[in-house]
Amino acid sequence: MGNLLIETTLLNTFLDDNSWTYVKAGNQFVRKKASDLNRGDLVVIQNEAIHKTLDEIIPILQQSMRYQIAEETIHEKNCNDKYIPKLRILLLEGLADPETPELRKKILREGSDFTQQEYTHLRRTICKIVDIGEDAVNDWLKGETLAPANWRNFQKLISINPAFEEIYQSYEQNTGYFSNYQLYVGLRRTIMSYLTKRTGKKEGSETKRKSPRTTERKTGVYTDEIELVVSHFIKEIDDTYSAARITKIRRIDEKKKKGKPIEEEDKHKPEPNLKKAIITEKIPQLELRDMNQIKNEHYIVSNALFDLLNRYVVDKIKHINIDSKKTAAELLKIKLLPAMPSYLYSRVINISPSEKEIFRINSAHVYEDKKYNKITIERVIEETYQNFLKDIKENKIDELLRLEPNTAANIIDHVNQYRNALPRKYFETQLLRIRTGFIRSKIEEAENRRTRKEFEKELTDTLKQHETVLKYLKETYHLIIDDKKSFFSSFHQELKGIQKIEELGREETIDELRREKRFYEQQGHRFYSKHEIQQVLTRLGIHSAIKLYDKRTFI
């Protein structure tokens, strides 16, 4: 038995640190040591070992931004974090006596429910408006149905609650209630079908939340997106193998096996499947990708996300009139603008421990200003983040940036997938580079020789640590960190940042930029072409994200 307990969407098992595993990256695979696995990796497993159920997988789907949007569009979450269907909520809001004690809590199932007599009255009222039986209407009211079998019934329900108008109008649109309903139901049915085929068990949980079957024509519209979201968690490879997403990695303490007390968290460990489930031996038929390709494509997609966040934050903040607002607006516009894109990135992406340290270092200055107390800063930051999530959910970000519907959410999911495929130590190199620069600045600022010597020793140790990590990545994965292409605009802006301020007063012409690009290329620097980037984005189903890149990147 290994010393790592690996929990995945399809099974749980043990691995040794030095075991080599297969991790899915796009439509191909990379080999990674178990010690370098990340939460979120799609590891190759044996189909015969699958033992998870739909109920165990669904909560993991909530880590997908696209799934979150679908679920929260057709539900509302109550105080107990339970999702209540909008169909129930809107019906009861429109029909229930507004004088009913704790009406809102009853609707959201946060306490006592309506009596059977009340349900009977409500059911008969609705049946006078729609042409379906009382049993079906009862399912609507009890929250066991997400949408009527006939979408036109939403039009009839407008007389009960005007909010049904927007739902009715969303029919066969690319955004809104209908598209999110199709995705949500399609995802669950796809997973149920897969589990039924692999385990031979019929999953019955979906019967508790009834939903009409979509026709084959309608399902086809959303098939690609359904497959895209499912592929971040489960992927069938062939009759023998599948890929399952790692949801948790736990190190098993040897001392605990020798009769020592079990920690509280260990008392609730799931019963692992002790079969040899995660594949560690070589599989010749699986096509392997170069880890450097993963690194480069991660660079392309994560830059698209950063550009999206920058443009979103600038657009939101530039319209704030400080004179007519309070301290929070002033704080947001002046103090938080440079830090907010990175903060949003750190919230929507599964960042590594080393990156948490990077964000802590980079955002430290936000809390240094005595004019604003920490509580105010944290409140404004959290409000901005929640508004960002709301704008993604309502497709406002895609509209603002002229992207195809759901592109923003899918970019986030893709960045997470690429990051999962990279070795854990890859992200340590970024922290070590930042730490090296920080220590060098401290050496220059040192007030005496003794302090300078201490920082010089720290710099030597950090450089050695950096070299060790780079050597490990190169020898283990043939991964070369510093040998990469860049975006010309980003590369050039970094160089401009160290020029004298008077040289930055005018924008360079296209001809000047082309000359400088040729000069950089003669020095050995490499830059991405628009065609190369478009190929990656198209393959990922987010082709409109090309609009996010600075046009000067492709001169």
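Residues numbered from 1 in each chain as written. Predicted model: local features only at pLDDT ≥ 70, side-chain atom pairs only at ≥ 80, totals over all residues. Heavy atoms only, no water.

Across the five residues of strand S5 (residues 42-46), four count as buried, placing the element largely inside the fold. Looking at chain direction, S5 and strand S9 (residues 241-251) are connected through five bridges and run antiparallel. Paired with Val 44 across the bridge in S9 is Ala 243. (Buried < 20%, exposed > 50% of the residue type's maximum accessible area, 1.4 Å probe, protein only. Helix = DSSP H or I, 4+ residues; strand = E, 2+ residues; numbered from the N terminus. Pairing = 2+ DSSP bridges.)

According to the stated counting rule, one finds 23 salt bridges in the structure shown. With a shortest N-O distance of 3.0 Å, Asp 131 and Lys 156 are connected by a salt bridge. One end of the pair, Asp 131, is in the loop between helix H5 (116-127) and helix H6 (134-142); the other, Lys 156, is in helix H7 (residues 153-156), and 25 residues separate them in sequence. Judged by relative accessible area, which is 68%, Asp 131 ranks as exposed. Linking Arg 450 and Glu 454 is a salt bridge whose minimum nitrogen-to-oxygen distance equals 3.8 Å. One end of the pair, Arg 450, and the other, Glu 454, are both in helix H20 (residues 449-477), four residues apart, so they sit about a helical turn from each other. Look at the salt bridges and you will find they share partners, linking Lys 197, Arg 198, Glu 236 and Asp 239 into a network. (Salt bridge = Lys/Arg side-chain N within 4 Å of Asp/Glu carboxyl O.)

This part is about the packing of aromatic side chains. One pass over the full model with this rule turns up 26 aromatic pairs. Relative to Phe 154, the ring of Trp 151 lies with its centre 4.8 Å away and its plane at 65°, an arrangement referred to as edge-to-face. For Phe 154, a relative accessible area of 0% translates into the label buried. A centroid spacing of 5.0 Å and a plane angle of 90° characterise the contact between Trp 151 and Phe 178, whose relative ring orientation is edge-to-face. With Trp 151 in the loop between H6 and H7 and Phe 178 in helix H9 (residues 177-199), this residue pair connects regions lying 27 residues apart in the sequence. Phe 178 sits in the buried class, given a relative accessible area of 3%. One aromatic cluster in this structure is built from Trp 151, Phe 154, Phe 164, Tyr 171, Tyr 177, Phe 178 and Tyr 181. (Phe/Tyr/Trp six-rings, centres within 6.5 Å; stacked < 30°, edge-to-face > 60°.)

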